[in-house]
Structure formats: structure tokens, C-alpha cells
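Per-entry structural report
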Amino acid sequence: MEKNKNFEVIIIGGSYAGLSAAMALGRSLRNVLIIDSGKPCNIQTPHSHNFLTQDGKTPKEISTIAKQQVEQYNTVSFLNDLAINGRKTPLGFEIKTENKKVFTAKKIILATGVQDKMPNIKGFSECWGISVIHCPYCHGYEHKAVKTALIANGERAFHMAPLINNLTEDLTILTNGSMDFEESQIKKLKAHNIEAIEKEILELEHHNGYIEKIVFKDGSKENFLAAYAAIPFEQHTSIPFDLECELTEQGHIKVDFFQQTTVDGVFACGDNSSPMRSVAYAVATGNIAGAMVNKELSSEQF
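In this text, all values refer to a predicted model and were calculated from it rather than measured experimentally. (Residues numbered from 1 in each chain as written. Predicted model: local features only at pLDDT ≥ 70, side-chain atom pairs only at ≥ 80, totals over all residues. Heavy atoms only, no water.)

Notes on the sheet that holds strand E12 (residues 201-207)
The strands that make up a sheet are held in pairs by hydrogen bonds between backbone atoms, and each pair lies either parallel or antiparallel. The three strands are arranged E12-E13-E14 in an open sheet whose pairing can be described as antiparallel. This sheet does not close on itself; its edge strands, each paired only once, are E12 and strand E14 (221-223). Each adjacent strand pair in this sheet contributes to an overall mean axis angle of 25°, direction not counted. Sheet topology note: the E12/strand E13 (residues 210-216) ladder contains six bridges and is antiparallel. From the neighbouring strand, Glu203 faces E13, where its bridge partner is Val215. (Pairing = 2+ DSSP bridges. Helix = DSSP H or I, 4+ residues; strand = E, 2+ residues; numbered from the N terminus. Axes fitted to C-alpha atoms, helices over the stretch in contact; angles between N-to-C directions.)

Have a look at this one:
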């Protein structure tokens with residue numbers, strides 16, 4: 001790979017979405033480079049769920065198997081490096097890496113994920129992905145029927161409350177400040193015995209990432225065994241901005257049903273382009289992106 005600087009496709013990000021795209025392209029005999037720095041956002045998540053055939057495996061186990069299978073296709077190459085910027089060229093695209101390597105490609109697939117922005121709450125980041133979770137489908141079954149907090153406010157909290165309430169009858173919303181609910185929403189929450197606490201949160205007391213108590217700034221504490229949290233995120237890399245890809249209002253890369261971005265020749269898949277953050281969704285969208293890129297290349301060459 002070190003001798004080859006020109007590829008048909010460069011995939012930036014080598015986790016579930018990127019590897020899925022690479023498999024579709026490798027099986028189509030495409031000359032592909034995957035650039036990945038080996039730092040997935042779910043690195044401290046103990047187990048992955050809700051993905052057929054791999055339910056309960058660690059994220060690392062799934063990605064290791066996936067990479068081993070993609071490696072069987074000899075037109076796919078891997079580079080352990082960080083892609084830091086990209087630009088359009090007359091013939092396609094150019095990508096530069098942290099280690100000062102430069103590669104070109106006709107098509108780009110962004111499988112770069114997102115970076116969660118941790119709140120200024122002591123213990124939060126240590127619990128994130130372990131007992132402070134983002135998705136009832138990915139992790140809710142493992143935290144069912146226990147005293148649960150939902151750290152969110154407004155529409156986001158009201159959206160998540162019914163999903164979590166389906167898994168536990170002991171749910172409390174922590175708005176971390178003044179609540180932002182309509183009167184009808186407050187009535188609905190009360191009807192399901194869901195209390196909303198407006199105190200600001202100081203700390204999550206935990207043991208090895210497993211939450212035990214939430215401490216408020218007024219000194220009071222509340223016992224919880226699990227917490228859901230809706231926190232902001234940002235794109236993991238500046239490359240979508242370098243390539244002038246449009247974003248949605250929520251901050252995801254804007255794509256169509258075929259994972260095509262607003263820039264011709266650039267596709268995106270996985271967490272960076274959808275709020276549906278799951279392994280299954282990343283694999284599905286990666287497969288679509290790979291197939292669509294191959295279709296474009298095939299049509300251009302035919």
C-alpha cells in the first residue's frame with residue numbers, strides 16, 4: 001500500500017460502516033484504501049446489542065471479525081493513520097494524513113463517526129457507554145426494571161421518556177436546570193409517575209463506570225443504577241467541511257437514501273450522517289454506500 005498513492009475509493013474510518021462499505025467494494029474488485037486511526041467512539045462500551053448474529057459481543061470483537069473478513073479481499077488496503085484534511089481535484093479528491101502521507105481517489109466515503117461532547121459533570125465521561133447510555137435499543141434491555149435517570153430536557157427528554165418507561169417503571173427526568181416542557185407534556189409525565197427534577201447536577205458517583213448515585217449542586221443525592229443522556233456531538237473530522245458537504249440542522253452530514261452527500265463523488269455512512277446510532281445501522285448504511293459508489297464507478301467506466 002505504501003507504494004500505491006492512487007485509489008478508486010478512499011474510505012475514511014475503519015469501524016463498522018467503513019468496513020461494511022469496504023466489503024461491498026472489495027467484492028466488486030475495487031481498489032480501496034481504508035484510513036483509520038483505531039480510536040472508535042464506543043471504545044469503553046462493554047457489550048454491543050441489537051445486531052443479529054453478534055448480540056452481546058464486545059465492540060472490539062465485532063470490528064476484529066469484520067476487519068479479518070474484509071482483509072480477504074486483496075484489492076482493499078488498510079492504513080493506520082489519521083486523515084486530517086481533504087480537497088477536490090480535477091480528477092477526484094486528495095486526502096492528507098497526520099503522518100504527512102497524501103493519497104488520491106475518484107470517490108470518497110466518510111465513515112468518520114461523531115465525537116460526543118461531554119458535559120462538565122464529574123464522573124460522566126467515565127460512565128459514558130457503560131451505565132450512562134444513549135440508546136434504549138442498544139443497551140436498554142440490560143438496564144431494564146431498575147431505578148433510572150434520564151438526563152435531558154424539553155422535546156428530547158419527552159421523546160425518550162416513553163421508550164425508557166417501557167423498560168422500567170422507575171424513571172426520573174433530570175433536566176439539570178429549569179425544565180422546558182409544555183403543560184400537556186408535564187401532565188403526560190405525571191400520569192405515568194415520571195418526576196422531573198430541576199436541580200443542577202454536580203457529580204455521578206460510580207464504581208468502574210457503573211453509576212451508584214447522582215449528586216446535585218445543592219448537596220443532595222439520589223440513587224440510580226442507570227442513566228440515559230442526550231448530549232451534543234460534533235463531526236469527528238473537518239474533512240466534510242473541507243469538501244464543502246452540507247450538514248443538517250442537527251449537525252449530521254446531509255445524505256440521500258443512497259448515502260450520497262451534497263458533493264458529487266462523496267458519500268457518508270454511519271453515525272456521522274444519521275441520529276440512528278447503532279452497529280446494525282452503521283453496517284447497513286456502509287453496505288449501501290459501498291454499493292452506490294461501485295455503481296457510479298461502473299457507470300462511468302462503461
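The discussion continues.
Focus on the side chain of Asn272
Structurally, the position occupied by Asn272 is in the loop between strand E17 (266-268) and helix H8 (279-301). With relative accessibility at 0%, the residue Asn272 sits in the buried group. For Asn272, the residues in contact, after removing those within four places along its chain, are Leu110, Ala111, Thr112, Gly113, Val114, Gln235, His252 and Ile253. (Buried < 20%, exposed > 50% of the residue type's maximum accessible area, 1.4 Å probe, protein only. Contact = heavy atoms within 4.5 Å.)

Here's the deal with the sheet that holds strand E11 (residues 195-197)
Judged by pairing direction, the sheet is parallel, and its five strands sit side by side in the order E8-E15-E9-E10-E11 without closing on themselves. The strands lining the two open edges of the sheet, one partner per strand, are strand E8 (132-133) and E11.

Side note on the nonpolar core
One finds Val9, Ile11, Leu25, Val32, Ile34, Ile109 and Val293 to be the most contacted residues of the largest nonpolar core, which totals 23 residues. Elements with a minimum of two residues in this core: strand E1 (6-12), helix H1 (16-26), strand E2 (32-36), helix H2 (59-70) and H8. Ranked by residue count, the leading element in this core is H1, at six residues. Not counting chain neighbours up to four residues away, the residues in contact with Val293 comprise Val9, Leu25, Lys107, Ile109 and Phe267. Core analysis: the next-biggest nonpolar cluster, separate from the first, contains 20 residues, Phe7, Ile35, Phe93 and Ile253 among them. (Core = buried A, V, L, I, M, F, W, Y, C linked by side-chain atoms within 4.5 Å.)

Topic: the packing of H1 against H8
Where H1 meets H8, the closest approach of the two axes is 7 Å, and the angle between their N-to-C directions is 35°. Where H1 crosses over H8, the two elements pack in a sense that is right-handed. Touching Tyr16, Ala17, Ser20, Ala21, Ala24 and Leu25 of H1 are Val279, Ala282, Val283, Gly286, Asn287, Gly290, Ala291, Val293 and Asn294, all from H8. Class assignment of the residues belonging to the contact of H1 with H8 gives a composition of ten nonpolar, five polar and no charged. (Left-handed = near helix turned anticlockwise from the far one by under 90°. Nonpolar A, V, L, I, M, F, W, Y, C, P; charged D, E, K, R; others polar.)

Digging into the environment of Phe258
Within the secondary structure layout, Phe258 lies in the loop between helix H7 (239-242) and E17. C-alpha of Phe258 to C-alpha of Cys269: the two residues are eleven residues apart in sequence and 9.5 Å apart in space. Residues in contact with Phe258, not counting those within four places in the same chain, are Phe267, Ile288, Ala289 and Met292.

Some thoughts on the pairing of strand E10 (residues 171-174)
Here E10 shows no split at all, with Leu171 and Ile173 on one side and Thr172 and Leu174 on the other all buried. In this sheet, E10 lies alongside strand E9 (residues 148-151) in parallel orientation, the contact comprising four bridges. Its bridge partner being in E10, Thr148 is matched across the sheet by Leu171. Viewed along the sheet, the connection from E9 through helix H5 (residues 154-165) into E10 turns out right-handed. Here three bridges tie E10 to E11, and the two strands are oriented parallel to one another. Bridging from a neighbouring strand, Thr172 pairs with Glu195 of E11. (Right-handed = clockwise from strand over helix to strand, strands pointing away.)

With respect to the pattern of salt bridges
Opposite charge on two side chains allows them to pair when their charged atoms are near. Inspection of every chain in the model, using the stated rule, returns twelve salt bridges. Glu222 is the partner of Lys147 in a salt bridge, and the nearest nitrogen-oxygen pair spans 2.8 Å. On the criterion of sequence distance, the pair formed by Lys147 in the loop between helix H4 (136-139) and E9 and Glu222 in strand E14 is long-range, its members being 75 residues apart. When its relative accessible area of 26% is taken as the criterion, Lys147 is described as partly exposed. Salt-bridge contacts for Glu200 lead to Lys217; the nearest nitrogen and oxygen are separated by 3.1 Å. In this pair, Glu200 sits in the loop between E11 and E12 while Lys217 sits in the loop between E13 and E14, placing the two residues 17 residues apart along the sequence. Since its relative accessible area comes to 41%, Glu200 is described here as partly exposed. Salt bridges sharing partners connect three or more residues here, namely Lys107, Glu296 and Glu300. (Salt bridge = Lys/Arg side-chain N within 4 Å of Asp/Glu carboxyl O.)

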